[in-house]
Amino acid sequence: MRVMAQMSMIMNLDKCIGCHTCSVTCKQVWTNREGVEYAWFNNVETRPGLGYPRQYEDQERWKGGWVRNKRGRLKLKGGGRLNKLAHIFNNPDLPGIDDYYEPWTYDYDMLTTAPAGTQSPVARPKSLLTGRNMDIKWSGNWDDDLGGSQETAAQDPILATMSEKVKMEFEETFMFYLPRICEHCLNPACVSACPSGAMYKREEDGIVLVDEDGCRGWRMCVSACPYKKVYFNHKTGKAEKCTLCYPLIEQGKPTICSETCVGRLRYLGLMLYDADAVLEAASVENDQDLLEAQRSCFLDPFDPEVIAAAKAEGMADDWIEAAQKSPIRKLITEYKVALPLHPEYRTMPMVWYIPPLSPVVDVVSNSGADGEDTRTLFAAIDKLRIPVEYLAGLFSAGDVKPVESSLRKLAAMRSFMRDINLGRDENASIPESVGMTATEMKAMYRLLAIAKYEDRYVIPKAHVETARELDELGCSLDNEGGPGMGGPSSHAGPHNGGRDQGPAGPYGNTPGMPLNATVDNYNEMVGDSPIIKTRPATPGRINLLNWNGTGGAPEGMFPPKLGGVSPA
Amino acid sequence: MNAWDFLLWVAFPYAAAAVFVVGHLLRFRYDQFGWTSRSSQTYENRLLRWGSPMFHYGMLMVIGGHVVGLFIPKAWLEFFGVTEHIYHLGATWLGTFAAVLTVAGLGILIYRRRLNGRVLLVTTVMDKVMYVLLGGTILFGTTATVLYQIFGGGYDYRGSISPWIRSLYGFQPDPALMSDVPFFFQLHVLCATTLFLLWPFTRLVHVFSAPLGYLVRPYVVYRSRDHHTGNSARKVPRGWERSQRPVARRDRERIRR
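Bear in mind that the values here come from a model prediction, so they are computed numbers and not experimental data.

Draft legend 1. Highlighting the overall build of chain A. Of regular secondary structure, chain A possesses 27 helices and 14 strands. By the burial criterion, 47% of the 568 residues in chain A qualify as buried. At a minimum sequence separation of 6, the contacts of chain A that also span at least 24 residues come to 64%.

Laid out in structure tokens, this is it:
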């Protein structure tokens, strides 16, 4: 048994209103740059729909993920090692940028610089690839809210597996949103396909990252990821992907998409799993057994044996405690309402979803029946085969049982809590009918409906203290003014505050620290001296990123007032 | 041996070799982020799907042929029964096949780069210089082969160019070997030498990243964050090791505890 911790996410789809706030804030933080204009580390798709990039779920075309071969061993669907190297000069399974969409901007200048005339000036769309005028024909969520889906929905790869009759009825009954980020899989196909070995899974928290220095732009990760969540930066020639906002996670804070989620539907926490069991679990014969196989990889953080093994691996106590409190663990293994997205890709994804009950409730309510009555809802879940089968196509390799079980629990919770809220007697038979106790159901209600910040996000900080201590022991000359001023002890003091401190990094100057966007220098930045925080990155400018508002407006923040008086 | 011979066949190659080696080391040290093939496949794939493999596989064959022709002395091959006649046939016909593949591939690639708006816009000045030199080298080489080997009487470069190159590697340069070599071979060599000179500053560096290690490594790679940000990230580079402050044994034991 090799105990590893995985930072994981669960999204409660019932609460997603499709507002795209997660996508927009993610974009502003991570992909607001040249070369990744078309990339959405977080995107929200309307289902049924084509998804982003178009039809990414059609693995017969894109060859993402793993397949189990006749000998029962896992093989990358896009081909083995030799096959990958043979196709290194041209990746046959790589989506073109048009499969995402051609990125564009608008000719905004025209609005302000057009000469006076009889017509209003317009800002025409301009391609960000060629600079020419273009017609916008597709984008990351072109079929949002089923827009135009009379024409396109039939191309939804999940619908395509269902019968013709289903397609017609489906559109009238059911629509929901599916926000997607990188799955940070336990058995990542992208990492396995990288010829350069530049992609890796972090030992500490399982976050899958690209080493931008090591990436040589072979693009095998892009085609190997069945979720198409690795993007090729067409300007730098390197792969980029969702980082699970690791600089925030390391500080114990939620990702940007989670933090800004309007519906508060995202949960973050640790799962402990047995890394030695992953390969075997991912190789089970039947696709529909993969869900249970993945569940079997997870370890119980209350089990003394697991705790001992985790400690032997060097896991800190607060991480084990965080794994015990993890909302992810409760939703996956305790309440069993969360399900993985496309387990049949055999990558063991670690962003799970609570399937949406609301479309079922809507149908029931619209028909005039009581949408919060258990029996009515249970009957509807049984009767509405189409949405349930569709959800099963997404979350359980087509097996309707786990989806039904999850929806029944949500329906039961709805009825059970209505009685309580209306001051009626608790009906203990409702939780029993889905195999739960009243206490469990109330706890699940608290986690899903009340969803307090501290319940949703249980994120232990990364451990750097030990590294620091060792450094301080080892580097004895790392004192104030000492020759080795590179260490953490050279805090800003009167001896260096305010003076030039070497080349400026992304956060402006900091005293002596190497600048990476990580917890190390974040902590460094959160010092007390306003002088350090407002130090401009380039002379004459102010770094707003670190300015905390103290000490008035610093010099250089505003242009000088007319008359030459600086606001500072 | 006149001054020109010395300049072209001794000084220039050595200078190019020095820039080639030092340039690669420096670039690898300071510009790992820029070290990529800078693929444009996402922009356009219909032409690239044919052009790129044709060019690259053709090029691998060409490189293989050059290694045999330039670095393996004639006598060694003859020892293994490869006579001049057999060698000439092989080199000419296999070489022509590789050249056709390479030239056709390169033609498709250049056509695509010039006429596809998306691809043209991401083409840097260095790319263009590289294309000129690479195209020139290949064209001069092909021309020489066609002119002298196929339609001419056949020129035995293994008696002149090959020993000259080996003389450079042995640091016993013999420029006289090159003075009577046919013109297009000379041009081919000079063009290639210029290409080697600029190599480390172009996207051609990706040649040295051929990911052969992929064949033997485990599929899933794990790395610790400590490698980047923790203890080991702050390891002092060689040559700047800090001296240890003397610590009394009593204190050292206290620290350990």
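After that view of the structure, there is still more to cover.
Draft legend 2. Representation of the UniProt feature "binding site: heme b 2" (unreviewed entry) in chain B in the model. Residues and elements named next belong to chain B. This chain's UniProt record puts "binding site: heme b 2" (unreviewed entry) on His66. Relative to the elements of secondary structure, His66 occurs in helix α2 (residues 48-71). Residue His66 is classed as partly exposed on the basis of its C-beta count, with 15 C-beta atoms lying within 10 Å.

Draft legend 3. Structural detail: the sheet that holds strand β14 (residues 351-354) of chain A. Residue and element names in this part refer to chain A. Pairing is mixed in the open sheet, where four strands are placed in the order β12-β1-β14-β13. Each edge of the open sheet carries a strand with a single partner, namely β12 (266-274) and β13 (339-340). The pairing of β13 with β14 spans two bridges and is classified as antiparallel. Following the sheet pairing, Leu339 is matched in β14 by Tyr353. The strands touched by helix α17 (residues 327-334) within the sheet are β1 (3-12), β12 and β14, with β12 carrying the most contacts at an inclination of about 70 degrees.

Draft legend 4. View of the sheet that holds strand β8 (residues 199-202) of chain A. With mixed pairing, three strands are arranged side by side in an open sheet as β9(A)-β8(A)-β1(B). Strands at the two margins of the open sheet, each flanked by one partner only, are β9 (208-210) of chain A together with β1 (222-223) of chain B. Both β8 of chain A and β9 of chain A contribute to a ladder of three bridges, which runs antiparallel. Residue Lys201 of chain A lies in a different strand from β9 of chain A, and its bridge partner there is Val208 of chain A.

Draft legend 5. How the structure looks around the nonpolar core. Membership of the largest hydrophobic core comes to 141 residues, with the highest contact counts inside it found for Ile10, Cys190, Cys221 and Leu272 of chain A. Among residues more than four places away in sequence, those in contact with Leu272 of chain A are Val3, Ala5, Phe298, Leu299, Pro301, Val306, Ala310 and Ala323 of chain A. Judged by nonpolar contacts, the second largest core, of 25 residues, contains Leu106, Leu133, Ile161 and Met178 of chain B.

Draft legend 6. Quick look at the pairing of β8 of chain A. In β8 of chain A, alternate side chains face the same way, and those of Met199 and Lys201 of chain A on one face and Tyr200 and Arg202 of chain A on the other are all buried. Count of turn residues in the β8 of chain A/β9 of chain A antiparallel hairpin: five residues, of which Gly206 of chain A carries a positive phi of about 75 degrees. Here β8 of chain A pairs with β1 of chain B via two bridges, running parallel. The partner of Lys201 of chain A across the bridge, within β1 of chain B, is Tyr222 of chain B.

Draft legend 7. Just the UniProt feature "transmembrane region" (unreviewed entry) in chain B, in detail. All names here are of chain B. Those places that UniProt annotates as "transmembrane region" (unreviewed entry) correspond, in this numbering, to residues 6-26, 47-72, 92-111, 131-151 and 183-201. With 92% helix and 0% strand, residues 47-72 has its two end C-alpha atoms placed 37 Å apart. Here residues 183-201 is 84% helix and 0% strand, with 28 Å between the C-alpha atoms at its ends.

Reading the values: the criteria
- Sequence order as written defines the numbering, with residues in each chain counted from 1.
- Written order determines the labels here, with chains lettered from A and ligands numbered from 1.
- Side-chain atom pairs in this predicted model are given and counted only at pLDDT of 80 or more, local residue features only at pLDDT of at least 70, and totals for whole chains, interfaces and linings cover all residues.
- What counts as a helix is a DSSP run of H or I of at least four residues, what counts as a strand is a run of E of at least two, and both are numbered from the N terminus.
- Around each residue's C-beta, the other C-beta atoms within 10 Å are counted; 20 or more make the residue buried, 12 or fewer make it exposed, and counts in between make it partly exposed. All C-beta atoms are placed from the backbone.
- Note on contacts: each residue gets a C-beta atom placed from the backbone, and two residues are in contact if those atoms are within 7 Å.
- UniProt positions are given in the numbering used here, feature names are shortened, and annotations may be inferred rather than shown by experiment.
- Only strands joined by at least two bridges in the DSSP assignment are considered to pair.
- Lines fitted to the C-alpha atoms define the axes, with helices restricted to the stretch that makes contact. Angles between their N-to-C directions range from 0 to 180 degrees.
- In this description, a nonpolar core means buried residues of the types Ala, Val, Leu, Ile, Met, Phe, Trp, Tyr and Cys, linked to one another by C-beta atoms lying within 7 Å.

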